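# Fold and contact review
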Amino acid sequence: MPQRSSPWRWIRIAVLLFILATVAQSAWLARSRTAEWTSSLRVVIYPINADGSQVSAAYVGQLRSASFEPIEAFFKGEGARYRLPLRDPVEVKLAPTVASQPPAPPFGGNRLAVVAWSLRLRYWAWWNDTWKGLRPHARLFVAYYDPAARPRLPHSTGLQQGMIGVVNAFARADMDGSNNVVITHELLHTFGATDKYDAAGNRPQFPDGYVEPNAQPLHPQQQAEIMAGRIPVSETRAEIPADMDQVAIGLKTAREIHWVK
Ligand SMILES: [Zn+2]
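Quantities reported herein were computed from a predicted structural model and do not represent experimental measurements. (Residues numbered from 1 in each chain as written. Predicted model: local features only at pLDDT ≥ 70, side-chain atom pairs only at ≥ 80, totals over all residues. Heavy atoms only, no water.)

From N to C terminus, the protein includes six helices and nine strands. Relative to a compact globule of 261 residues, whose C-alpha radius of gyration would be 18 Å, the protein shows 20 Å and is just as compact. Projected onto its principal axes, the C-alpha coordinates of the protein cover approximately 80 × 45 × 35 Å. Counting all 261 residues of the protein, 44% fall into the buried class. Across the protein, every contact between residues at least 6 apart in sequence was considered, and the portion connecting residues at least 24 apart equals 67%. Element-wise, carbon and sulfur atoms account for 57% of the exposed surface of the protein, whose accessible area totals about 14600 Å². For the protein, the separation between the mean place of its 28 positive charges and that of its 22 negative charges on side chains is 11 Å. (Helix = DSSP H or I, 4+ residues; strand = E, 2+ residues; numbered from the N terminus. Rg over C-alpha atoms; globule rule 2.2 N^0.38 Å. Buried < 20%, exposed > 50% of the residue type's maximum accessible area, 1.4 Å probe, protein only. Contact = heavy atoms within 4.5 Å. Areas by Shrake-Rupley, 256 points an atom, 1.4 Å probe, with all protein chains shown as cover. Lys, Arg positive; Asp, Glu negative; His and termini not counted. Charge placed at Lys NZ, Arg CZ, Asp CG, Glu CD.)

Written out as C-alpha cells, the structure reads:
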C-alpha cells in the first residue's frame, strides 16, 4: 500500500501540529510572565558533566541550590533599585544532573540554523528533563568543563524563544562567581535582553553597555553592565567581572525586560 493513503500520515501530522501549538502557547505564556513581573519566575538549572572528567563529576556533585543564591540576590537587589514591586523576581532551583549532552549550536549567525537548533534543543530538553518540581519558567542547562583540560569554553546561548539556554562553565570553586555572571547573562537573554558589547573588540557599547553612563569622569566604571559583560576601566581597557557584586542591570536592559517603561 502506498504510504500516502495511510491514516498514520494524518495522525502524525495531527500530532506534530499539536506539539507546535503547545510549544507556541507555552512560549507565549512564559513571555507574558516576563512582561508582567507579578510573581517570581522559576528558573531551573540543569548541571551537565560536559567533558566526562572526574573533576567535573566531583564539582557537579557538590552543587546545591545555594550555589546560585547570588543570582537570586542580584535580581532582588537590582529589582529594588528599579522599584520593581516584587520582592523576589527570580527563584533559582537545581535539578538533578542530566546525563546527556545538548545538541551543539550552529556556527555563525544563520537565523534558520539557529531556529532549527532551538527546536532540536527544546526537544532534547523535553526528553532529558530531570526536574520533578513545579514547571520552570526558564531552563538553563549548564555544561561544566575542567578548566585545566579546557581553558577556553564554547559560547553560551540563551534564547527568548522557549526561555531556554545552554551555558558553558568551569568546574572549579573559585570560578563560581564568574560562572554565575555568565548564567545570569544568558538568563537575561531568555527574558528578552540583548547583548551590549561590540562584536569586534569585546568592548561595552556606550551608553547602553555602561552602568553609569553619566559618571564624570566616565572611566573607570565600577561595575559591568550584565549584558555588556565587561567593566570599562579606561578608554581602551575593559575587565571581566569576577563575581555578581561587579555587575548591574543598565537602563536599556531594564527596559528590555520590562522593569521600566
Ligand atoms: Zn549574550
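A word on the pattern of salt bridges. The tally for this structure, following the rule as stated, stands at six salt bridges. Ionic pairing is found between Glu-239 and Arg-237, a salt bridge with its closest N-O pair at 3.0 Å. The class of Arg-237 is partly exposed, set by a relative accessible area of 48%. (Salt bridge = Lys/Arg side-chain N within 4 Å of Asp/Glu carboxyl O.)

We now examine helix α4 (residues 111–127). Under the 1.5 Å per step criterion, the end-to-end length of α4 is 24 Å for 17 residues, consistent within 8% with the ideal 24 Å. All buried positions along α4 are accounted for by Trp-117, Ser-118, Leu-121, Arg-122, Trp-124 and Ala-125. Angularly, the buried residues of α4 cover 160 degrees about the axis, an arc narrow enough to put them on a single face. Exposed side chains of α4 directed beyond 90 degrees from the buried face belong to Leu-112, Tyr-123, Trp-126 and Trp-127. Measuring from the side-chain oxygen of the N-cap residue of α4 to the backbone nitrogen of Leu-112 gives 3.0 Å; that N-cap residue is Asn-110. (Expected span 1.5 Å × (residues − 1). Arc of directions from axis to C-beta. Polar contact = N/O pair within 3.5 Å; in protein donor to acceptor, adjacent residues only side chain to side chain.)

That is the geometry; function is a separate question.
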